[in-house]
Amino acid sequence: MEVGDLLSECAKCAAVRCAPISQARRLHFCSCRDSLSAELASLLQEAVDMKWPFVPEKWQFNPAIGAGDKTNLSELIRDHLPKLLALLKASIMVDEAPTALAVIFLVDRFLYWTDQSSQLLKIARLLHKAHPETPIAPQLVIRQSRVYLNSGKLQKAEFILSSLIQNCGTTGCWTYRSESDRALVQAVSVQVRGTLLQKLGLWREAAELIWASLVGYYALPQPDRKGIGTSLGILANILVSMNDEDFHSFRTNPDIHFQRILGDERHRLLSAALAAKMAVISSQYTSLYVLTNVTAQGTCLLSYSFSLDCPDSQRKSFLQQAREAFAIGLLTKAEDQLVTSQQELHTFIKAAFSITVTHRWLGGSHEAVPKASQACQEALALFYQYCRANDEDKDGLCAGIMHRVAEVKLLLGVVPFPNSDKGSFIPDRYRDVNDSSVSFTLEDFSKILLRFQKYHASVSEAAASVVETSEKTHRLCLADLGTTIEASRPEGSAEAAGALCSRSLHQKAEFPTTCESADTSSWQKLSMSSSSQLSGKGDEADVSNESCAPTEADEDGPASLQAADNSKVRGFGVASNATSPKACGDPELEEGGIETADDVGEANKTSAREEAPLSLSQLMLQTTSGSLDDSLSSQYSWEKLSADQSSYPSKAGRSQTSKTPDSDESFFIMETHDCDLVSKSKPQRSFEAQSKSPEASCRPPRPIPDTCISSESSFEMLVGSEGSKAASGPLNPSCHSCLNPSKAAATPELSLQDYQALLAGVCHACLLRRLQFDERTFRLHQLSAAHGALHLKFSKEAGLWTARETCVYIGTPIEMNGKPLQGSQREAIWVQFLHQEERLSSYVGKNYLKPSGIQLHLNDVERQMTAQYYVTEFNKKLYDKNDMAQIFYIPSEALLILNGKEIVGCITVEPFILGNFVKLTNNTGKKEERLSATKYGIAFGHFTYLLSNCQEVVVDLQGWVTANGKGLTYLTDPQIHSTRTRRGTSDFAERGIRLFLKDQHGPKCNEICQLLKLPPLDPQTALL
């Protein structure tokens, strides 16, 4: 019987209380228990006795590792899994909850890596419901937070992690043997929360948390080698994405003690490479960890070889080091070895693709590279199917993937390396880094945790306040905090705060209270009732089949989430607990509400209307803004960079796959876009972005860098302002194109120099110029196929776009009840790419339905990352005033789709977020006053106005709210009114700022503005 079937049987048994227990069942239970090997029986008893909060590896805490210590627990579990699952079922049948939960504890990690966590955690919740007095291991509680993180339930993950950190690991009835065990649980919780902030694109904040976890691991009586390796690998990936200014602040922070672990290395990417190499050494006895960390190391070295800081004379050396790193990862498994982990398969493909890229830049065989690239694309197409396949189909898909990885190894000459340690997966020459001198104490760990105490206390208290509404009196397991917390209801409203908003589709959303009576269970079920399901093309959602395991759509049953897609919905969101939407596009369904105006004239009308109070389920949210024109006033290409590389990507065919069932996760996707609803008689408009260093009236922020850009937007040029001041404007010293200007014509064909410039980093204005082609628009038609791509990330602080070569699988359009989920301008598509920040998370791509210029996508990303910059500074002000409400903007990135070296399309990508979607304000004068979150939103607008030196204000706030806005708020798809940079027709510039000051903010500051001591604003004189 398949593992999934066995777990389903166990879940059925746990869900139904058995009749009086027969003697035959007891004898069967004893037989199953006695069938275990002595080693397993000993581990099982230690789990029952709560000897450790995490099941340890033999080498994990052992300072003197012997030959017998180099095996992994996963091998033991794999060999005896049928016996353990038989014992699990037998234990449930005789109400032996301690034994059953101990078995779950032992198999948890193995089943997580084999993508079976959803069912296992469901069984744990059912058992805890029936036996609340039985302890739940901290490992299982943190596993639940990981699954929430992977599936986009960030609020739930935050509640679990913050409560564990704040309460010294306390969880239900679990008893710790020592204080160091509590510290270990806190260190793991801090580490997982660091990955959460990494997912949100908050690199410096994430790095600080990961560093705190490192201090915790090193401070244990015996340092945790596995934990150290994991955190160092995560830190390496964070440093690659972090900008140089943030890295300098992080490195020189006196509370960090950077040199104790990473020495005196001053370059961000080389520090990242060192961290990854140390991670490899710390985890050298586990193939998955070696593969993961050595691939991170190779990525760091490859990125450094393209940077402006890398001396030309050393570039080849760093490329060779990167190639060696990728080769080590590829050699951790042979073609005939079964790989059962989704993360491991993903990383194998990434390593194969990365060594192919490195081989090309080293001037390798012109015949081998295209074949290897083709094999990687085919492997990614199979991986996309693997993530959505039934258990019985996965082995065949896995074999196909590993066959193509082996083909890459053969084509590029990857051969084994000398290794005298047979239990290790790294070569002898890799053991030249020794961290035995690193020393921290538990007191050091406690001190570093104090820096985050206010925040974690606030989040855990918000969770506790909701749980306390239950009448349950027995001691709750911490898992309550992760499964029952949702957005509070609006003040004075009978409807939930998360009632779904739509713009051209109106529906009434009903949200049942998610905090059930605690006597149902302390791992309470999250209610998600709906009649509509979201799926991939031709696929009906099936919760038993994890699409992106170990993520899950719902803990205890089908998660059918409400959809309200339409032609004018902004923001890809995911709403839960909602009813089925009504028919799309019926104007009779509209009842008015918060609208996002499409032009200045409409803004005047909107601000003059009387605002009747409406529930969020009655809101009509209309957004339109002009599309970008396909030509800018000048064409720009990057200057040739002298280098010894002479090869660049050749045109390679794309792998074709048949359409397969898509993700079964029941998501609601809201769209973000600039609609092209401008009259045909009006000229098309295009915009460039610029940014200047702000001079804030309040706390001095990190400056927004200047970029080389015209002081006038393309829109202004079209209406009469001719000419460009780019030549006399300030240059970005980190932009390759600013330093090497060229007037060569821009074409869709990327040259070697184009690749080098993009990989080194270019400013927003130069990128827009280079990717503006005369009379050329793009529409990505070929779906269900793998493509080569450039992954473009924008840093507002640095003012740079930086690219990485990657491979992307463009899946099928997301469907709701058999119909594509799309608006009038854009469709939602399932996407997986090799360099996505979270390998186990789901991503959505936004594809324009009509051919459009690439700069449309780039401006979408720039706008959202600008808002993220502003909100990060705003959060610091809140924190300084002991207000722990935190606002986050979901990071947005772009994928430039390639056929060989020719640009054939572009999409923007964002991670999925689940929760109740709300709209706080629009881009004129409307606001939802019944939510406390709106007060923070208005204060945020006030703050951005001051921070930008009275030139910009962030409006159109929408996203996911918890604790009625007093907890965590995740936003997406903002609008920015700016006198500095026109970003679309929904940007009303000076008039928009006046509308915000007059109608949304008003003449009086609210209590949040007053708390932050923001200078009062006079709407009449503010812009004079």
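Quick look at the structure, then. (Residues numbered from 1 in each chain as written. Predicted model: local features only at pLDDT ≥ 70, side-chain atom pairs only at ≥ 80, totals over all residues. Heavy atoms only, no water.)

## Describing the overall build of the protein
- When its secondary structure is counted, the protein shows 31 helices and 16 strands.
- Long-range contacts, defined here as pairs at least 24 residues apart, represent 78% of the contacts in the protein between residues at least 6 apart.
- Total accessible area on the protein stands at roughly 34000 Å², and carbon and sulfur atoms take up 50% of it. (Helix = DSSP H or I, 4+ residues; strand = E, 2+ residues; numbered from the N terminus. Contact = heavy atoms within 4.5 Å. Areas by Shrake-Rupley, 256 points an atom, 1.4 Å probe, with all protein chains shown as cover.)

## Some points on unusual backbone geometry
- Here His 257, not a glycine, exhibits a phi torsion of approximately 55°, which is positive.
- Along the chain, the position of His 257 falls in the loop between helix H12 (244–252) and helix H13 (259–262).
- A residue is classified by how much of its surface remains accessible, and His 257, at 36% relative accessible area, is partly exposed.
- Positive phi values are uncommon outside glycine, yet Cys 950 reaches one of about 65°.
- Turning to its location among the elements, Cys 950 is positioned in the loop between helix H29 (932–947) and strand E13 (952–955).
- Relative accessible area serves as the criterion here: at 29%, Cys 950 is assigned to the partly exposed category. (Buried < 20%, exposed > 50% of the residue type's maximum accessible area, 1.4 Å probe, protein only.)

## Brief notes about the pairing of strand E3 (residues 785–795)
- Within E3, 11 of the 11 residues are buried, which leaves the element mostly enclosed by the surrounding structure.
- By the alternation rule, side chains of E3 split into Ala 785, His 787, Ala 789, His 791, Lys 793 and Ser 795 and Ala 786, Gly 788, Leu 790, Leu 792 and Phe 794, which are all buried.
- Inspection of the sheet shows E3 paired to strand E4 (residues 800–813) by 11 bridges, in the antiparallel sense. Bridging from a neighbouring strand, Leu 790 pairs with Glu 805 of E4.
- Here E3 pairs with strand E10 (residues 893–899) via 5 bridges, running antiparallel. Its bridge partner being in E10, Gly 788 is matched across the sheet by Leu 898. (Pairing = 2+ DSSP bridges.)

## Some remarks on the nonpolar core
- Trp 211 and Ile 261 are the most contacted members of the largest nonpolar core, which has 210 residues in total.
- For this core, the leading source of residues is helix H10 (residues 203–219), giving 12 residues.
- Apart from residues lying up to four places away in sequence, Trp 211 is in contact with Leu 235, Phe 250, Ile 256, His 257, Phe 258, Ile 261, Leu 262 and Ile 448.
- The next biggest cluster of nonpolar side chains, apart from the first, holds 37 residues, and it includes Ile 887, Leu 920, Phe 940 and Leu 946. (Core = buried A, V, L, I, M, F, W, Y, C linked by side-chain atoms within 4.5 Å.)

## Observations regarding empty space enclosed by the protein
- Taken as a whole and assessed by the stated rule, the structure comprises 14 cavities of 30 Å³ or more.
- A volume near 970 Å³ is recorded for the largest cavity.
- Lining the largest cavity are 44 residues, and of these Arg 146, Thr 230, Ile 234, Gln 343 and Arg 839 lie nearest its centre.
- Within the residue set of the lining of the largest cavity, elements represented by two or more residues are helix H5 (97–113), helix H7 (138–151), helix H9 (179–199), helix H11 (225–241), helix H15 (287–306) and helix H17 (342–361).
- In terms of residues, the lining of the largest cavity owes the most to one element, H11, which gives 8 residues. (1 Å grid on protein atoms, 1.4 Å probe; cavity = no way out; pocket = protein on both sides within 12 Å on 5 of 7 lines; lining within 4 Å. Points joined across faces, edges and corners; volume = space filled by probe spheres on them.)

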